[in-house]
Amino acid sequence: MKSQVTLKELARKLGIATSTVSRALKDNTEISIETRIRVKKLATELNYEPNALALSLRRSKTYTIGVILPELVHFFFSTVISGIEDVTFSKEYNVILCQSNESLEREISNCKALFNHRVDGIIACISKETTNYNHFIALQEKGIPLVFVDRENPVDASKIISGDFNGAYDATQYLLKSGCKRIIHLAGPQNLVLSQERMNGFLKAHQEYGIATDENQIVRCGGGETHEAFEIVRNLIEKKYLFDGIFAVNDMAAVGALKAVQSAKLRVPEDVSIIGYSDWALCAFISPPLTTVQQKGYEMGTKAAELLLKEMHSKDTFIEPSIIVLPTKLILRESTRILIQNDY
């Protein structure tokens, strides 16, 4: 049996955007007459019909949305949840929370469970294991609106992300300005775009300051866990690898690095300056308090919920995805040296 022709297939054959095809089929006057004729001609030739299941699901409301996050207890993700729930509660929507625990298998199971519960839409953050996105694409094909948060991915859906490149650049720039000569970066999983962006920001800051870097300065800390970072940094110290600054992919890794430096009787920040990422709740209360890059988790949650509700209430069968990038902020505390030049 021949599969049903989709809007995306029409768009691909015509070499235009899917949203243009959708509007052309509705005789939207913003689309030129020539384009509308081309679209309708191909749609007729290929026997295109709107996805009846997607339309019925979009029109049948349960006033429930699903949320899939890697960890519900993680401080950053808990602030995202708070933002989501404040918006959805005000609109009288219920929320079903699911935790993938950084597992692709559990993420797939979460998607199936939420679909079976007939949620009206889903907000998700992909797991560290996710490199195949068919389970999310299947939800879209069944008419379930999707909005992703924090971690970028190739799915053609709306996303709310942080300015990871700029955040990493600002952190590294501060370390360089404050006198650090050799900085190591505890990097995250290679398959996550945010890990790549934070690494790129780290490298760009060095490049702009005319400071050469080598591959030994990028140390993979794939899980980003405290114990993992502790072992990595302690091993570097034992091997007499010289460094005076650390930029970690997240706060948990930064805390592990800080404890490893202290266990070697080195001083923070006099001997080694350390910067984390996210502004975890306890960053201000460890000793010394941790300098970090603050992400706007609550705002990410509110904007994701607002965008999802807007897409859920749309009458269009296809909605042009939105990409919203939230700015970060460097929060200075006592784990970094004071600037030599007071110009930051």
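Report follows, based on the coordinates.

We now examine the sheet that holds strand 4 (residues 146-149). Read across the sheet, 6 strands follow the order 2-1-3-4-5-11 without closing on themselves; strand pairing throughout is parallel. Each edge of the open sheet is held by one strand with a lone partner, namely strand 2 (94-99) and strand 11 (323-326). Each strand axis lies, on average, 15 degrees off the axis of its neighbour in the sheet, ignoring direction. Pairing analysis gives 6 bridges linking strand 1 (residues 64-69) to strand 2, with the strands arranged parallel. Across the sheet, residue isoleucine 68 finds its bridge partner in strand 2, namely cysteine 98. Strand contacts of helix 5 (residues 75-90): strand 1, strand 2 and strand 3 (121-124), with the helix running at about 170 degrees to strand 1, the strand carrying the most contacts. Helix-sheet contacts for helix 6 (residues 104-116) involve strand 1, strand 2 and strand 3, and the interaxial angle to strand 1 is about 180 degrees.

Looking at the element boundaries, glycine 66 is found in strand 1. Taking the relative accessible area as the measure of exposure, glycine 66 reaches 0% and is therefore buried. Excluding residues that lie within four positions of it along the chain, glycine 66 makes contacts with Ile96, Leu114, Val119, Gly121, Ile122 and Ile123.

Let us look at the nonpolar core. Grouped together as the largest cluster of nonpolar side chains are 26 residues, with contacts concentrated most on Leu186, Val233, Phe243, Ile246, Val261 and Ile274. Those elements that provide at least two residues to this core are strand 6 (183-187), helix 10 (226-238), strand 8 (245-248) and helix 11 (251-263). Contacts of phenylalanine 243, omitting those with residues within four sequence positions, involve Arg182, Ile184, Val233, Leu236, Ile237, Asp271 and Val272.

What counts, and where the lines are drawn
Residues numbered from 1 in each chain as written. Predicted model: local features only at pLDDT ≥ 70, side-chain atom pairs only at ≥ 80, totals over all residues. Heavy atoms only, no water. Pairing = 2+ DSSP bridges. Helix = DSSP H or I, 4+ residues; strand = E, 2+ residues; numbered from the N terminus. Axes fitted to C-alpha atoms, helices over the stretch in contact; angles between N-to-C directions. Contact = heavy atoms within 4.5 Å. Buried < 20%, exposed > 50% of the residue type's maximum accessible area, 1.4 Å probe, protein only. Core = buried A, V, L, I, M, F, W, Y, C linked by side-chain atoms within 4.5 Å.

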